[in-house]
Amino acid sequence: MRHFFDVSVTVNGTRYERTVEPRLLLSDFLRHDLGLTGTHVSCEHGVCGSCTILFDGQPVRSCLMLAVQANGHEILTVEGLGTSDDLHPLQEAFWEAHSVQCGFCTPGILMTLVPFLEENPNPNEEEIRAAISGNLCRCTGYQHIVDGVKLAAKKMSASL
Amino acid sequence: MTKKYIGKRIKRSEDPRLLTGEALFVDDVEIPGMLHAAFLRSDYAHAYLKSIDISAAQALEGVVAVFTTETMGDDWQPGPPLVSPPPTVEDVIFHSRTQVPLVKDKVRHVGEPIAIVIAENRYIAEDAVDDIVVDLEPLDVVVDIEKAMQPDAPLVHDDLDSNLAAHIKQEKGDYAAIREAADLIIKRRIVIDRGAAAAMENRGVVAQWDAKSQHLTVWDTTQAPIPIRNGLAARLDLSEHQVRVIAPFIGGAFGPKMMMFYPEEMLIPWVSIKLDRPVKWIEDRYENFYATTQERGQVHDAEMALTYDGRILGVSDVFLHDSGAYDPYGLTIPLNTQCHMMGPYDVANYYSESKVVFTNKIITTPVRGAGRPQGIFIVERLLDLAARELGIDPIEIRMRNLIPPDAFPYEHKIIDQAFAPLIFDSGNYKPVLEKAADMIGYDQFVKDEQPRLRAEGRHVGIGIVPFIETTGVGPYEEPG
Amino acid sequence: MKPPPFEYYAPTSVEEALAHLSEHGYDAKALAGGQSLIPTMNFRLAQPSVLVDLNNISELFFIRPDENGGLRLGAMTRHSQVERSSLISERAPLIYEAMPKIATPQIRSRGTFGGSIAHADPSAELGAISIALGGRLRLQNQTGERWVPANEFFIGMFTTLIEPDELLVEASFPNMPPRTGWALQEVARRPHDFALVGVAAVVTLDNNNLCKKARIVFLSVGDGPVEAHQAAEALIGQTLTPEIIHAAAEMAATADIDPGSDIHASAEYRRSLAGVLTRRALEVAFKRAKGSSKFDK
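Given the structure is predicted, the values throughout are model-derived calculations rather than measurements. (Residues numbered from 1 in each chain as written. Chains lettered and ligands numbered in written order. Predicted model: local features only at pLDDT ≥ 70, side-chain atom pairs only at ≥ 80, totals over all residues.)

Undergrad: I'd like a rundown of the domain arrangement of chain C, residues and numbers included.
TA: Residues and elements named next belong to chain C. For chain C, the domain assignment lists domain 1 (7–53), domain 2 (58–173) and domain 3 (181–289). For domain 2 and domain 3, the distance between their C-alpha centroids amounts to 21 Å. Counting only elements with at least two residues in the side of domain 2 that touches domain 3, the list comes to helix H5 (93–98), helix H8 (125–132) and strand S8 (154–156). The element best represented in the side of domain 2 that touches domain 3 is H8, accounting for 6 residues. Residues that form the side of domain 2 that touches domain 3 fall into these classes: 14 nonpolar, 5 polar and 3 charged. (Domains from an automatic or database assignment. Helix = DSSP H or I, 4+ residues; strand = E, 2+ residues; numbered from the N terminus. Nonpolar A, V, L, I, M, F, W, Y, C, P; charged D, E, K, R; others polar.)

This is the structure:
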């Protein structure tokens with residue numbers, strides 16, 4: 001006998017109402033129930049950071065949360081950050097600094113960096129690397145990602 | 001007015017989609033009515049499959065089908081091999097053994113798939129996998145490639161009389177003779193570990209069979225969709241125009257996602273046709289670590305013979321190469337290793353002998369270098385050791401051995417991975433090495449910085465390795 | 001890797017949570033931050049049939065001063081809150097210093113103080129620190145509550161005194177006496193990895209700069225936090241000269257611990273690290289105790 005729970009959650013500003021099994025992972029809920037496939041799943045045990053989203057403004061691993069736990073909360077995924085026509089400065093910076101190769105780790109890294117840059121508008125390299133220490137990338141070797149963050153910080157403080 | 005692009009920074013055109021989460025990866029594919037697959041995989045590296053009871057799994061609510069080798073019936077077949085088998089050439093032994101879609105009688109590596117469950121979602125499919133009762137009789141395991149070649153080693157393939165998958169010898173000149181004339185022999189045993197590519201995106205296959213139009217569409221995390229299309233058409237008795245394989249955005253590959261005809265790549269389309277439903281299988285990280293191919297494991301006994309002034313007289317290498325449980329990738333990797341052990345150098349005498357060994361591990365197929373890095377590492381390592389012994393600067397010793405520009409096309413007189421003669425068509429190596437050394441400030445570092453740092457108690461090293469990468473793999477079209 | 005099915009409850013009060021735990025006993029697991037539990041469920045290594053989610057129990061989220069100069073933390077307080085708390089930095093700076101070393105920012109957004117303590121990973125910083133600070137833990141069940149000193153709380157690998165019908169609800173830390181110094185030293189392959197070896201040290205000096213109280217607690221050298229009693233004893237009544245510190249560090253590494261070997265580090269390496277890290281921790285703690293700096297990095 002499977003039990004289902006109602007979930008009412010705001011994602012990227014839109015309210016969604018769904019009924020889910022308690023074991024449904026938040027990552028699967030976002031990707032397959034809501035069709036927001038920008039958040040990626042890579043390890044499903046909380047070590048790689050690809051599934052990072054903002055939960056009430058905090059970066060969390062969506063593969064380590066249950067969809068039911070999102071009831072009444074606010075989520076921001078990479079789809080809510082910007083669009084191809086209207087990129088967030090962080091996305092623009094990544095584009096210019098060649099911070100992206102296969103792009104699979106990218107959404108998780110972007111979402112990790114959004115609250116980080118809010119709290120640390122002028123980070124040094126050490127701080128940046130500590131901030132993304134919970135995100136794995138197998139393509140870039142991280143250097144261009146760090147460059148992208150520095151560039152983003154410049155862009156974002158310039159626009160203040 | 002023409003615009004100059006060479007040397008300019010160009011932003012990639014695909015980045016906006018990747019940055020905004022709008023890029024399609026295989027797991028993003030959603031088709032109405034799509035079913036989900038999960039595999040029962042072996043926990044044992046080597047075991048007889050005695051029996052399997054899928055009844056409880058089949059009875060679970062939400063499960064649509066469970067397949068085993070038995071229930072696949074005549075549709076079960078091993079392989080196919082991923083590269084053409086080697087031609088019958090002297091000094092080459094090759095026993096072809098290819099991977100299977102599902103285990104038939106014997107498990108040969110941890111993670112080998114035994115059964116596939118098709119259900120409404122992956123959660124239920126995994127529940128059903130837990131309900132399958134399988135009786136495996138564990139056998140002694142062979143993991144170490146040297147132990148695998150011992151006479152009493154457990155056999156990965158019972159129909160062979162050893163774990164020797166292949167044996168290739170290649171020779172040029174006469175190393176044994178030149179060895180006697182050498183001023184210095186550098187001899188080392190070098191062990192290179194096996195490793196996994198571990199791309200961020202795990203593998204996945206989505207297959208959609210349309211019975212009305214008799215058309216199969218497959219989304220696959222593959223680096224090579226065309227061979228997959230061709231192979232699937234052949235296997236499923238379809239014409240190539242009936243099959244479309246789509247390789248969308250891919251989250252890293254590094255070799256193991258290339259035309260492997262993995263069991264899953266063969267099975268998922270078959271299931272889709274069988275059930276007349278779209279089917280998705282996405283690998284999880286567990287599976288990625290033991291059911292996606294790996295590479296690199298080799299043990300070398302290598303030797304270089306030189307003169308006092310650092311001229312390489314010859315190179316000799318005997319090595320074991322870990323193939324894993326099967327060898328569908330033929331001799332590509334060990335041949336590449338053999339082809340790179342002379343580096344970009346003018347070596348007149350070469351002896352290389354490779355034994356490819358079956359072990360109870362996931363198969364090895366090219367991962368970033370496909371056997372070349374091993375060869376390069378060894379020749380360069382031996383040269384560095386020789387430089388130290390002879391008191392010659394490491395760059396200088398290389399300069400003395402680089403193939404000179406007037407020697408091209410340079411015929412190595414051995415064969416490459418396409419079983420064609422290894423020829424370096426052109427090159428001018430000295431200026432490249434000189435420029436590299438100059439760009440990193442090699443001389444200044446060695447003369448000034450390094451001694452200064454050493455006096456501070458800091459050991460800081462510098463290394464330069466020139467290498468040539470064989471490319472342009474055949475077969476070739478030839479005029480006339 | 002999807003978790004198996006389970007019954008799920010999301011109580012909004014401790015009372016409600018306790019009722020569920022009492023009813024289901026060993027079949028139930030309390031879900032705090034989930035950063036350790038959910039991965040094991042995704043692996044299907046843990047298969048609790050009942051999950052009691054504590055994340056909606058607002059009364060468990062707090063950081064409060066107590067009237068004696070110490071502080072009290074609700075069990076569900078997130079690491080990210082502790083990381084940013086000025087009260088913690090003032091009254092329990094050792095905890096504050098540990099925060100950036102705990103896993104990664106995303107883990108700290110959800111992971112909780114009580115969850116870490118209750119999970120009792122031998123590599124966890126907070127267990128060792130709680131002992132070093134002389135902390136106490138409050139357990140509650142339907143019939144009452146009990147306070148347990150941190151140094152009695154951990155009884156084995158991933159095992160604590162918590163009974164199936166009990167919930168860890170609060171941690172309390174006493175006032176740090178004047179002339180007290182603290183330090184946390186650890187070595188990990190990458191900053192956020194599990195420590196190969198770690199040590200927390202707290203020393204208190206008297207007015208003559210002699211050590212009158214010391215606690216040295218290791219992580220990652222045994223089944224749980226391991227206190228170096230002999231080494232700490234050896235410091236009492238002494239001036240903490242480099243020689244005395246060095247001797248105590250050696251004693252801690254050789255006599256007080258018996259680390260094991262695993263794929264991450266050999267026993268010998270752990271012992272060697274333990275000696276070096278204890279020496280450094282005592283040096284820093286001593287310096288802080290003398291009041292020479294408020295908050296060294």
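That covers the picture; the talk isn't over yet.
Undergrad: Give a description of the environment of Gly 33 of chain C that names residues and reports values.
TA: All names here are of chain C. The residue Gly 33 is located in the loop between strand S2 (28–31) and helix H2 (37–42) in this model. Judged by the 26 C-beta atoms lying within 10 Å of it, Gly 33 falls in the buried class. Distance in space between the C-alpha atoms of Gly 33 and His 79 is 9.5 Å, their sequence separation being 46 residues. Aside from chain neighbours lying at most four places away, what touches Gly 33 is Arg 110, Gly 111, Thr 112 and Gly 115. (Buried ≥ 20, exposed ≤ 12 C-beta atoms within 10 Å, placed from the backbone. Contact = placed C-beta atoms within 7 Å.)

Undergrad: Could you give an account of the sheet that holds strand S12 (residues 197–205) of chain C, naming the residues involved and the relevant values?
TA: Residues and elements named next belong to chain C. Taken in spatial order, the 4 strands make up an open sheet running S11-S12-S13-S14, and their pairing is antiparallel. At either end of the open sheet lies a strand with only one pairing partner, and these are strand S11 (180–187) and strand S14 (226–227). Judged from the 8 bridges that link them, S12 and strand S13 (residues 211–219) form a sheet pairing that is antiparallel. Bridging across to S13, Ala 200 finds its partner in Val 217. (Pairing = 2+ DSSP bridges.)

Undergrad: Provide a residue-level description of the domain arrangement of chain B, including the pertinent values.
TA: Residues and elements named next belong to chain B. When its domains are assigned, chain B resolves into domain 1 (32–139 + 198–291) and domain 2 (147–196 + 293–455). Relative to domain 2, the C-alpha centre of domain 1 lies at a distance of 36 Å. Taken together, the contacts link 31 residues of domain 1 with 31 residues of domain 2. When residues of the side of domain 1 that touches domain 2 are traced back to their parent elements, those giving at least two are strand S4 (92–94) and helix H9 (285–291). Per-class residue counts for the side of domain 1 that touches domain 2 are 19 nonpolar, 9 polar and 3 charged.

Undergrad: Any chance you could break down the interface of chain A and chain B for me, citing the residues and the numbers?
TA: If you look at the interface, chain A gives 32 residues, while chain B gives 24 residues. Where the side of chain A that touches chain B is concerned, the elements lending two or more residues are helix H2 (89–96) and helix H3 (106–119) of chain A. The dominant element in the side of chain A that touches chain B, judged by the number of residues it contributes, is H2 of chain A, at 4 residues. Grouping the constituent residues of the side of chain A that touches chain B by class yields 13 nonpolar, 14 polar and 5 charged.

Undergrad: Hey, could you go over helix H7 (residues 225–235) of chain B for me, with residue numbers and the actual values?
TA: Side chains that are three or four residues apart share a direction in an α-helix, a result of its 3.6 residues per turn. All names here are of chain B. Those residues of H7 not exposed but buried are Ile 228, Arg 229, Gly 231 and Leu 232. In the core, the buried residues of H7 are packed alongside strand S12 (215–220), strand S13 (243–246) and helix H8 (263–275). Directly after H7, the chain includes Asp 237, whose backbone phi takes a positive value near 60 degrees.

Undergrad: Describe the packing of H3 of chain A against helix H5 (residues 143–158) of chain A, with residues and values.
TA: A pair of packed helices can be characterised by two numbers: the angle between their axes and the separation between those axes. Residue and element names in this part refer to chain A. Direction vectors running N to C along H3 and H5 enclose 40 degrees, while the axes themselves pass 12 Å from each other. Accordingly, the angle class assigned to the pair H3 and H5 is oblique. Seen along the crossing, H3 lies across H5 with a hand that is right-handed. Taken together, the residues of H5 that come into contact with H3 (itself represented by Ile 109, Leu 113 and Leu 117) are Ile 145, Val 149, Ala 152, Ala 153 and Met 156. Across the contact of H3 with H5, the residue classes break down as 8 nonpolar, no polar and no charged. (Axes fitted to C-alpha atoms, helices over the stretch in contact; angles between N-to-C directions. Parallel < 35°, antiparallel > 145°, perpendicular 65-115°, else oblique. Left-handed = near helix turned anticlockwise from the far one by under 90°.)

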